[in-house]
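Here is what each chain is made of, one letter per residue.
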Amino acid sequence: MESIYGFTLEMLEDYFVNIGEKKFKATQVYEWLYKKRITSWDEMTNVKKDTLNQMKKDFTLDSISIIAKNVGDDVVKYLFELADSSKVEAVLMKHDYGNSLCVSTEVGCNMGCTFCESGRMKKVRNLKTNEMVLQILQIEKDLKIRISHVVLMGIGEPFDNYDNVIPFISIINSGKGIDIGARHITISTCGIIPKIREFISDGRQVNLAISLHASNDALRSKLMPINKAYPLKDLIKILKEYIEVTGRRVTFEYVLLHEVNDSYENATELAKLLQGMNCYVNLIPYNETSHIEYKKSSQERILAFYDTLKKNKINVTIRREFGAKLMAACGQLRSSYEEGC
Ligand code: SAH
């Protein structure tokens, strides 16, 4: 049996046509699931008995469980347990423009970025579409809020789980589903070029963010092994293509690691690399973890890096720090839970 929360509206329409029902049943069922948020089949009062019985045989309505929750002023961090007892995190951030949820896309991650906690835990498996959808539904229910923005920046590499991530985006973006605007959804990738190409031809209006973290290949390959397969020159080339085809801006994320990638030379080199691109750079103060040596850049170095980019006419912001005390960096809650500390 499959989870009904993994079905896009189109998939559900096909399902109903296949069982001899009208296509619009899918819209009605979507309303029960995503507008009324029912949790049992028998609440679907406009679906006739036979159809409902068939659906009970074909689908589950199972959810995922919240097993830990850390609450801060403007951030709530969740740990979920999935049906096979895998654990993943999601982080809710309260901004003045709305509530943004950072969702996980995989159990663990294979990208091996040296500064990232998630990379310490090898990938166990992809998250299924429903397991991503349910992170949103469970947190909205728990906090009695509406999530307005979704970022795919939790544990995992979304473009290493493309086939489940794209239906996830369809479901949350559908006006008949969770109805989060495409411009309020951001996919973050370490730069898997073939998937960026596929994403361009997919033509979705969601935002694309690239984890860059270095201004040259030697440094980037040290921090992010993926760079050996897809070096900067090729990455920048495909991103220029993305900008040209979609007319959209690219966001670059740059985690500032003390005396590793935060020098004046790094900033000028970065400005040169991005010169003339329709992009902006989001500087991220590093969230230190007990297992990894890197330190957060000093405030002076962060500001100096920012100023150098500004002077070179690069659009740049410094990301507000969320939940350092709450262990909000990727994978930190999960790894501390599993180590029992
Ligand atoms: N795999 C995807 C998405 C998950 S990581 C990607 O690489 O973009 C989401 C972002 O958090 C990435 O930019 C990542 O580099 C950053 N990140 C990871 N560990 C961090 C830490 N300890 N402090 C701050 N940012 C971190």
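Before reading further, recall that the structure is shown in the block above.
Nothing here was measured: the structure is a model prediction, and the numbers come from that model.

## Remarks on the pattern of salt bridges
Part 1: Taken as a whole and judged by the stated rule, the model has 17 salt bridges.
Part 2: K48 is the salt-bridge partner of E21, the closest N and O atoms lying 2.9 Å from each other. Here the residue E21 occupies a position in the loop between α1 (9–18) and α2 (25–35), and K48 occupies one in the loop between α2 and α3 (49–58), the gap between them amounting to 27 residues.
Part 3: Classification of E21 as buried rests on a relative accessible area of 14%.

## Side note on the sheet that holds strand β5 (residues 87–95)
Part 1: Reading across the sheet, the 10 strands line up as β3-β4-β5-β6-β9-β10-β11-β12-β13-β14 and stay open at both edges, with mixed pairing between neighbours. Of all strands in the sheet, those with a lone pairing partner are β3 (65–71) and β14 (315–318), marking the two edges. Strand after strand, the sheet turns through a mean of 20 degrees between neighbouring axes, direction not considered.
Part 2: Strands β3, β4 (75–81), β5, β6 (98–102) and β9 (149–152) of the sheet are contacted by helix α4 (residues 129–143), whose axis makes an angle of about 125 degrees with β4.

## Observations regarding helix α11 (residues 299–311)
Part 1: Counted at 1.5 Å a residue, the expected span for α11 with its 13 residues is 18 Å, and the 18 Å between its end C-alpha atoms agrees.
Part 2: Along α11, the residues classified as buried are I302, F305, T308 and L309. Projected down its long axis, α11 carries its buried residues within an arc of 130 degrees, all on one side. α11 presents E300 and K311 as exposed residues on the side facing more than 90 degrees away from its buried surface.
Part 3: Its buried side turned inward, α11 meets β12 (250–256), α10 (264–274), β13 (279–285) and β14.

## Focus on the nonpolar core
Part 1: Among the nonpolar cores identified, the biggest contains 104 residues, and I4, M44, M55, F168, L239, F252 and L274 are the most heavily contacted of them.
Part 2: Apart from residues no more than four positions distant in its own chain, M55 is found in contact with I4, Y15, F16, V29, W41, M44 and V47.

## Examining unusual backbone geometry
Part 1: Here the phi dihedral of S85 falls at roughly 65 degrees; this positive angle occurs in a residue that is not glycine.
Part 2: By the secondary structure assignment, S85 is in the loop between β4 and β5.
Part 3: A positive phi angle, close to 65 degrees, is found at H213, a residue other than glycine.
Part 4: With respect to the helices and strands, H213 occurs in the loop between β11 (207–211) and α7 (217–223).

## Considerations on the pairing of β11
Part 1: Among the five residues that make up β11, five are buried, leaving the element largely enclosed by the rest of the structure.
Part 2: Side-chain alternation along β11 places N207, A209 and S211 on one buried face and L208 and I210 on a second face that is also buried.
Part 3: Pairing between strand β10 (residues 185–189) and β11: four bridges, direction parallel. Looking across to β11, one finds that S188 is bridged to A209.
Part 4: Handedness of the crossover joining β10 and β11 through helix α6 (residues 193–202): right-handed.
Part 5: Pairing between β11 and β12: four bridges, direction parallel. Bridge pairing links A209 to T251 in β12.

Thresholds, definitions, all that
Residues numbered from 1 in each chain as written. Predicted model: local features only at pLDDT ≥ 70, side-chain atom pairs only at ≥ 80, totals over all residues. Heavy atoms only, no water. Salt bridge = Lys/Arg side-chain N within 4 Å of Asp/Glu carboxyl O. Helix = DSSP H or I, 4+ residues; strand = E, 2+ residues; numbered from the N terminus. Buried < 20%, exposed > 50% of the residue type's maximum accessible area, 1.4 Å probe, protein only. Pairing = 2+ DSSP bridges. Axes fitted to C-alpha atoms, helices over the stretch in contact; angles between N-to-C directions. Contact = heavy atoms within 4.5 Å. Expected span 1.5 Å × (residues − 1). Arc of directions from axis to C-beta. Core = buried A, V, L, I, M, F, W, Y, C linked by side-chain atoms within 4.5 Å. Right-handed = clockwise from strand over helix to strand, strands pointing away.

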